[in-house]
Amino acid sequence: MSAQGSGASIRRWHGVHKALADPLRIRLLEALWETPQSARELAALVDLPADRLYYHLNQLERAGLIEIAEYRPLARGKVERVYTPAVTEPPSDAANPEEMAEFLGSMLDATWADINAAYQSKQAGGRREIDVHRGALRLTDEALAELRGHIEQLAARFGDCDAPGVWTRVVVAVVDLQDRPSPNAATPD
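You'll find the protein chain entered in an unreviewed UniProt entry as Winged helix-turn-helix domain-containing protein, with Streptomyces cavernicola given as the organism.

Right, here's the structure in full:
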């Protein structure tokens, strides 16, 4: 890729991270990953009026994250747009640290909303499974690579969007709590 092409790609992804810096937009995009939907259908999902979603859908469309899949006819000659995702998710290496922190903060806010909705459903007598695990592990570079490989294998194994079942949010964060030694640093004898 040319240097000019690389710069254009980084600028494009800059807009993506900015568009995803809102938990509502993350929830909308994730809903569209499940199935193409109109603003009216998305409004019912997020419990907001459809007219409040058009701004957010426009932001996602301008960033190239969603596109119009079709125009669905409605009563009296009106039509509604049906949106679908244009890409899966932005690469993390195309964002600066501030953009990535804002993006991750929005993801955590969206996850908090999902967990809160699940607990509220359980309190109202619904059945939603919730498992939250938090812990710390000491991992060598090799063990970290192996763990990442296992996570990718699990995601591939259970990630069939066409399989029957209940949509389930899975969030796995692997974050070093301290700096790793440089690969070329001398080891003590």
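*Asks:* Kindly report on the confidence of the model for the protein chain, identifying the contributing residues and their values.
*Replies:* Predicted confidence across the protein chain gives a mean pLDDT of 80, with 84% of residues reaching 70 or more. Mean pLDDT per element in the protein chain: helix α1 (residues 3-19) is the minimum at 53, and strand β1 (residues 37-38) is the maximum at 92. Predicted confidence is poor over residues 1-11, with pLDDT under 50, and the contacts of this stretch with residues over four places away or in other chains come to two contacts.

*Asks:* If you had to explain the sheet that holds β1 to someone new, which residues and values would you point to?
*Replies:* Pairing is antiparallel across the open sheet formed by three strands, whose spatial order is β1-β3-β2. Looking at which strands have only one partner, the edges of the open sheet turn out to be β1 and β2 (66-73). Bridge analysis of β1 against strand β3 (residues 79-85) gives two bridges, and the strand direction is antiparallel. Within β3, the residue paired with Ser-38 across the bridge is Val-82.

Here is what the cut-offs are and how they apply
- Residues numbered from 1 in each chain as written.
- Predicted model: local features only at pLDDT ≥ 70, side-chain atom pairs only at ≥ 80, totals over all residues.
- Heavy atoms only, no water.
- pLDDT = per-residue confidence, 0-100.
- Helix = DSSP H or I, 4+ residues; strand = E, 2+ residues; numbered from the N terminus.
- Contact = heavy atoms within 4.5 Å.
- Pairing = 2+ DSSP bridges.

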